[in-house]
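In case you want the letters, here they are:
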Amino acid sequence: MIKAKAIAAQCVTSGLAPYSFDRRDPKEHDVVIDIKYCGICHSDIHQVKNEWGHSMYPMVPGHEIAGVVRSVGAKVTKYKVGDHVGVGCFVDSCRTCSSCQATMDNYCLEGMTQTYNGMERDGKTMTQGGYSDVIVVDENYVLRIPNSIPLDKAAPLLCAGVTLYSPLTHWKAGPNKKVGIIGMGGLGHMGVKIAAALGAEVTVLSHSDKKREDALQMGAHNFVVAKDPKNLQKYASYFDLIINTVSSAEIDMHQFFGLLKLDATLVAIGAPDKPYAINPFPLIMMRRNYAGSVIGSIKETQEMLDFCAKHNITPEIEVIAPDYVNQAYERVLKSDVRYRFVIDMAKI
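The model shown is predicted, which means the values in this text are computed figures rather than measured ones.

Novice: I keep staring at the sheet that holds strand E10 (residues 178-182) and nothing clicks. Help me out?
Specialist: By way of backbone hydrogen bonds, the strands of a sheet pair with one another, either parallel or antiparallel. On the basis of which strands lie adjacent, the open sheet formed by 6 strands has the order E12-E11-E10-E13-E14-E15 and parallel pairing. Two strands lie at the open edges of the sheet, namely strand E12 (222-225) and strand E15 (289-292), each paired on one side alone. On average, each strand axis in the sheet is tilted by 20° relative to the strand beside it, whichever way the strands run. Strands in contact with helix H4 (residues 160-170) are E10, strand E13 (239-244) and strand E14 (260-268); relative to E13, the strand with the most contacts, it is inclined by about 160°.

Next up, the structure:
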């Protein structure tokens, strides 16, 4: 077994504190990774607080993992000691269903194996995430981080980056396409950068004006304070694609459906802890689509990393020590971060 140092939640009310546990012995196709950085995703907070249900404890969160290969199994062919690598939101899948065979393993019909708060394929071993100093992962679920991307900035790409890249490319954002991004947080700011690099016209739809300058500097062409319905009137039937990055159930989806063109799509990627109230009439009257998207496949995630390296795209981050995580969670809930916290796991 491999000894791991981590920070974990022992129960729903405990907060995060130092924790030690054993990682599995590496198998012949496994890669042992020294974790250097791990991003904080809002979904970490949801799961630590059991806001989605089914949380298991003790829980070591973290699925935005960037590190360096420590060792490899005897049959590993993709990586070698010293390589810069990443691990995203899942670490295995059934590999045989139609989704996995179509390289859409994030939609595995048997369920992907979450990087944490999940069970290994043996059905007995809990997975533990990246708020730790080491992880063991099958080489087929490890990503290669291009040398031009610093490891601290690479970490949020493994979730926030691919969570935007996947729907933007699936719904063909690009030249002559008008894309709206609801929310300008850890996810939203990556959507602005990636959509702009794809060549789309990008509009941020935000609840306040305070991030206007940031959005425009990151590549947005327009910035709209959506809190005032009058500001949205000029954008009626305007967008080819809107992506909702917001996790709040308080958002009025009706007003955003009305901004879609005929046959256009609004994609949900933010996951609130309560259901939305949906009025279907704006969808019905213009044959608009309401869709969802979850992270991205291993193939898409590697494509995203290479795309970001090519276009010099990295997230805006604040690096913190492990003992600051509880305070960081509170700041995330107050939208007090520009724009993603990243934990320096070398300080664990």
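Novice: Explanation requested: the packing of H4 against helix H5 (residues 188-197) in the structure shown.
Specialist: The N-to-C vectors of H4 and H5 enclose an angle of 45°; their axes lie 9 Å apart at closest approach. When the interaxial angle is binned, H4 and H5 end up oblique. Read as a crossing pair, H4 and H5 show a hand that is right-handed. The residues of H5 that touch H4, namely those facing Ala160, Gly161, Leu164, Tyr165 and Leu168, are Met190, Gly191, Ile194 and Ala195. Of the residues contributing to the contact of H4 with H5, the split by class is 7 nonpolar, 2 polar and no charged.

Novice: Would you explain the nonpolar core in this entry?
Specialist: One recurring pattern in soluble globular proteins: nonpolar side chains tend to sit buried together. With 94 residues, the main nonpolar core has Ile40, Tyr131, Leu168, Ile194 and Val325 as its most contacted residues. Grouped together as the second largest cluster of nonpolar side chains are 18 residues, Val224, Leu260, Leu266 and Tyr276 included.

Novice: Explain a nonpolar patch on the surface here, please?
Specialist: A cluster of nonpolar residues, Met104, Tyr107 and Val294, forms a patch on the protein surface that exposes about 240 Å² of accessible area. Tracing the backbone shows Val294 in the loop between E15 and helix H9 (298-311). Classification of Val294 as partly exposed rests on a relative accessible area of 33%.

Criteria and thresholds
- Residues numbered from 1 in each chain as written.
- Predicted model: local features only at pLDDT ≥ 70, side-chain atom pairs only at ≥ 80, totals over all residues.
- Heavy atoms only, no water.
- Pairing = 2+ DSSP bridges.
- Helix = DSSP H or I, 4+ residues; strand = E, 2+ residues; numbered from the N terminus.
- Axes fitted to C-alpha atoms, helices over the stretch in contact; angles between N-to-C directions.
- Contact = heavy atoms within 4.5 Å.
- Parallel < 35°, antiparallel > 145°, perpendicular 65-115°, else oblique.
- Left-handed = near helix turned anticlockwise from the far one by under 90°.
- Nonpolar A, V, L, I, M, F, W, Y, C, P; charged D, E, K, R; others polar.
- Core = buried A, V, L, I, M, F, W, Y, C linked by side-chain atoms within 4.5 Å.
- Buried < 20%, exposed > 50% of the residue type's maximum accessible area, 1.4 Å probe, protein only.
- Patch = residues over 30% accessible without salt bridge, like charges linked within 9 Å, V, L, I, M, F, W, Y side chains within 5 Å.
- Areas by Shrake-Rupley, 256 points an atom, 1.4 Å probe, with all protein chains shown as cover.
- Salt bridge = Lys/Arg side-chain N within 4 Å of Asp/Glu carboxyl O.

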